[in-house]
Amino acid sequence: MFNLNIDILILIFEELQYNKSIRNVRNTLYSCLLVNKTWCSVIIPILWKNPWSSKKSNNNVIISHLSNEAKKILRNQIKNGKNASIILQRPLYNYVSFCKYLDFYHLDELLFRYTRKIERSKQCFIADEIWKLFINKNSKFTHLKITSCNYDQIFLIPGAEHCFSELKVLEYYSRDNQKLLEWLAKISKSIKKFEVYEWNSEIKNLIEAQNNLNSIVLHKLDDKLDSYSLKILTKHNLISLHIKSCFNLNKHLSLPNLKFLTFESISTENLVIIIECTKGYLTEISINEFIGKNNRYIKSIYQNCPNLRYLKLPLIDDEVSELEILLTKCKCLVELFIIETYYGQNRLLGWDELLEILAKSSPTSLFKFKFYFKYVVSRLETFKLFLDNWKGRHPMLLQTNIYDEDFLTLIKKYIDEGIVKSHNNIRVGLVYFEWIQEYNYNNGYIYTI
């Protein structure tokens with residue numbers, strides 16, 4: 001029974017760490033540490049899975065794991081730094097052994113902070129000591145973030161192959177690490193999510209070597225996808241695709257299982273190509289900016305995405321009528337994020353007409369709205385009519401960039417009446433919808449509605 005209780009606690013706290021409805025999950029977990037020794041022993045490994053995620057630095061605790069010889073070399077930095085007692089005392093747990101996330105950027109910061117004032121030979125010694133804390137035969141990382149070429153020889157450290165053989169998430173923002181990428185392609189076959197800055201031959205080989213890849217984030221894609229690149233993207237059953245910028249996509253691309261599609265900037269022609277190469281499973285489309293405009297892309301969405309739940313897109317006046325059709329076709333839509341935009345000779349977005357259509361044609365599932373006004377704001381009376389017509393429906397979650405006192409007073413009135421559940425300021429740069437929790441490498445994206 002005692003073991004069962006621990007297992008249940010582990011499940012509860014594992015789920016708690018991904019719960020975004022709690023404002024500060026880490027503080028909540030820290031509070032739970034004080035309950036008893038059992039709770040403490042369960043929560044410590046969870047908190048130390050990713051020691052880099054906390055705003056509060058864990059560097060002192062990491063340094064406390066070093067040998068006495070290493071601490072002696074660092075005695076001046078320790079003596080003159082904060083929390084010297086933490087560094088000098090023996091840690092209660094081997095906290096570093098619980099680490100599942102390895103982040104080179106934060107390691108660089110840690111090394112710079114503690115070794116910048118000591119001689120070169122001793123810097124190397126300390127660096128080796130720190131690396132041994134993380135890379136050894138007992139460590140097993142699920143997440144790796146590479147931000148520099150300073151660690152191109154980590155595969156020579158004893159135990160490295162064991163440490164990186166079961167990676168689930170790889171973020172790669174470096175260059176000139178050809179040997180490291182070649183080594184990873186040989187020993188790591190289980191990456192599920194891959195985020196990369198630049199598309200090159202070594203990256204392609206590493207991606208092709210994976211067996212269960214389902215999510216790719218590309219910051220920069222080639223101007224034109226060659227046949228090899230198309231083969232790689234088509235080979236994997238991608239569920240999520242996020243490209244910061246791209247041009248000239250090939251119509252032969254095939255993404256039949258795609259559910260999540262995000263672009264920072266894309267032409268409407270390329271968006272149509274992407275949507276038409278899917279097979280109806282898309283549930284989220286998020287677009288920040290279009291290069292070139294035509295009405296075809298909205299039509300392609302409602303013709304090919306019957307299960308769409310989340311839609312973010314810049315909108316011009318000429319597209320409002322097409323959006324109305326989309327609202328009647330996409331009956332699973334939960335959230336609509338409209339960014340007012342202007343292109344060529346098209347008139348400014350007519351918010352009054354748009355709000356009237358939303359009140360009349362929105363599916364019953366839709367109750368989350370984000371409106372970003374760039375040029376004009378809807379008339380107060382029209383916005384009032386929109387909220388009046390929402391009466392009797394699911395209470396609305398509303399985000400806007402409105403700061404006008406009359407509008408805010410009006411919205412508060414409808415919050416008091418229960419027509420609007422909440423209203424807050426929008427973050428137009430938000431890529432993902434915050435109602436979707438962070439990527440969980442075991443379960444993918446988790447919706448919270």
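Residues numbered from 1 in each chain as written. Predicted model: local features only at pLDDT ≥ 70, side-chain atom pairs only at ≥ 80, totals over all residues. Heavy atoms only, no water.

A. Inspection of the overall build of the protein chain at higher detail. Along the backbone of the protein chain there are 19 helices and 13 strands. Relative to its 449 residues, the protein chain shows a buried fraction of 52%. In the protein chain, once contacts between residues fewer than 6 apart in sequence are set aside, the share between residues at least 24 apart is 64%. Total accessible area on the protein chain stands at roughly 22,200 Å², and carbon and sulfur atoms take up 50% of it. (Helix = DSSP H or I, 4+ residues; strand = E, 2+ residues; numbered from the N terminus. Buried < 20%, exposed > 50% of the residue type's maximum accessible area, 1.4 Å probe, protein only. Contact = heavy atoms within 4.5 Å. Areas by Shrake-Rupley, 256 points an atom, 1.4 Å probe, with all protein chains shown as cover.)

B. Representation of helix H12 (residues 201-208) in the model. Where H12 is concerned, the buried positions are Glu202, Ile203, Lys204, Leu206 and Ile207. In this structure, the buried side of H12 is in contact with strand S3 (169-172), helix H11 (178-187), strand S4 (193-196), strand S5 (215-218) and helix H13 (227-235).

C. Highlighting the packing of aromatic side chains. Applying the stated criterion across every chain yields a total of 16 aromatic pairs. Seen in terms of ring centroids, Trp351 and Phe373 are 4.2 Å apart; in terms of plane orientation they differ by 45°. Their pairing is tilted. Taken together, the residues Trp351 in helix H17 (residues 351-361) and Phe373 in the loop between strand S11 (368-372) and helix H18 (380-388) connect sequence positions 22 residues apart. A single burial state applies to Trp351 and to Phe373, both of which are buried. When the ring of Phe369 is compared with that of Trp390, the centres are 5.3 Å apart and the planes differ by 85°; the resulting orientation is edge-to-face. Within this pair, whereas Phe369 is found in strand S11, its partner Trp390 is found in the loop between H18 and strand S12 (396-400), the two being separated by 21 residues in sequence. (Phe/Tyr/Trp six-rings, centres within 6.5 Å; stacked < 30°, edge-to-face > 60°.)

D. Molecular detail of the nonpolar core. Of all hydrophobic cores here, the largest spans 130 residues; its most connected members are Phe134, Ile135, Phe164, Leu184, Phe369, Phe371 and Phe386. Each of domain 1 (1-48) and domain 2 (292-448) accounts for three or more of the residues forming this core. Non-local contacts of Phe369, meaning those with residues more than four positions away in its chain, are made with Leu336, Leu358, Ser362, Phe386, Trp390, Met396, Leu397, Leu398 and Gln399. (Core = buried A, V, L, I, M, F, W, Y, C linked by side-chain atoms within 4.5 Å. Domains from an automatic or database assignment.)

E. Fine view of the confidence of the model for the protein chain. Overall, the predicted model of the protein chain reaches an average pLDDT of 81, with 81% of residues at or above 70. Ignoring residues within four places in sequence, the model shows residues 435-449, a span with pLDDT below 50, making 54 contacts including any to other chains. (pLDDT = per-residue confidence, 0-100.)

F. Summary view of the pairing of S11. In terms of burial, S11 is a largely internal element, four of the five residues being buried. Of the strand pairs in this sheet, strand S10 (residues 335-340) and S11 are connected by five bridges, and their pairing is parallel. In the sheet register, Ile338 faces S11, and the bridge partner there is Phe371. Relative to S12, S11 is paired through four bridges, and the arrangement is parallel. (Pairing = 2+ DSSP bridges.)

G. Just the environment of Val169, in detail. Mapped onto the elements, Val169 comes out in strand S3. Sequence separation between Val169 and Tyr101 is 68 residues, and the spatial gap between their C-alpha atoms is 9.1 Å.

H. Quick look at H13. Of all the positions in H13, only Ser229, Leu230, Ile232 and Leu233 are classed as buried. Seen along its axis, H13 keeps its buried residues to an arc of 160°; they face one direction. Facing away from the buried side of H13, by more than 90 degrees, are the exposed residues Ser227 and Lys231. Summarising the contacts, the buried residues of H13 are in contact with H12 and S5. (Arc of directions from axis to C-beta.)

I. Main features of the packing of H11 against H12. At their nearest, the axes of H11 and H12 sit 9 Å apart, and the two run at 15° to each other. Compared by their axis directions, H11 and H12 come out roughly parallel. Judged by the twist between their axes, the crossing of H11 over H12 is left-handed. Taking contact as the criterion, the partners of Gln178, Leu181, Leu184 and Ala185 in H11 are, on H12, Glu202, Ile203, Asn205 and Leu206. (Axes fitted to C-alpha atoms, helices over the stretch in contact; angles between N-to-C directions. Parallel < 35°, antiparallel > 145°, perpendicular 65-115°, else oblique. Left-handed = near helix turned anticlockwise from the far one by under 90°.)

J. View of the packing of H17 against H18. At their nearest, the axes of H17 and H18 sit 9 Å apart, and the two run at 5° to each other. Classed by the angle they form, the pair H17 and H18 counts as roughly parallel. Contacts between H17 and H18 involve Asp352, Leu355, Leu358 and Ala359 on the former and, on the latter, Thr382, Phe383 and Phe386. For the contact of H17 with H18, the per-class residue count stands at five nonpolar, one polar and one charged. (Nonpolar A, V, L, I, M, F, W, Y, C, P; charged D, E, K, R; others polar.)

K. Fine view of the environment of Val42. Tracing the sequence through the fold places Val42 in helix H3 (residues 37-47). Between the C-alpha atoms of Val42 and Leu11, which are 31 residues apart in sequence, the distance is 9.9 Å.

L. Expanded view of the pattern of salt bridges. Taken as a whole and assessed by the stated rule, the structure comprises eight salt bridges. When the shortest N-O distance is used, the salt bridge between Glu335 and Lys370 registers 3.6 Å. Of the two residues, Glu335 is situated in strand S10 and Lys370 in strand S11; the sequence distance between them amounts to 35 residues. An identical accessibility class is assigned to Glu335 and Lys370; each is buried. A salt bridge links Asp388 to Lys384, with the nearest nitrogen and oxygen atoms 3.1 Å apart. Taken together, the residues span about one helical turn, with Asp388 and Lys384 both in helix H18 at a distance of four residues. Residue Asp388 is classed as partly exposed on the basis of its relative accessible area of 32%. (Salt bridge = Lys/Arg side-chain N within 4 Å of Asp/Glu carboxyl O.)

M. Up close: the side chain of Thr115. Within the secondary structure, Thr115 is located in helix H8 (residues 104-115). From its side chain, Thr115 meets the backbone oxygen of Leu111 in a polar contact 2.4 Å long. Residue contacts for Thr115: discarding those within four places in its chain leaves Gln123 and Ile126. (Polar contact = N/O pair within 3.5 Å; in protein donor to acceptor, adjacent residues only side chain to side chain.)

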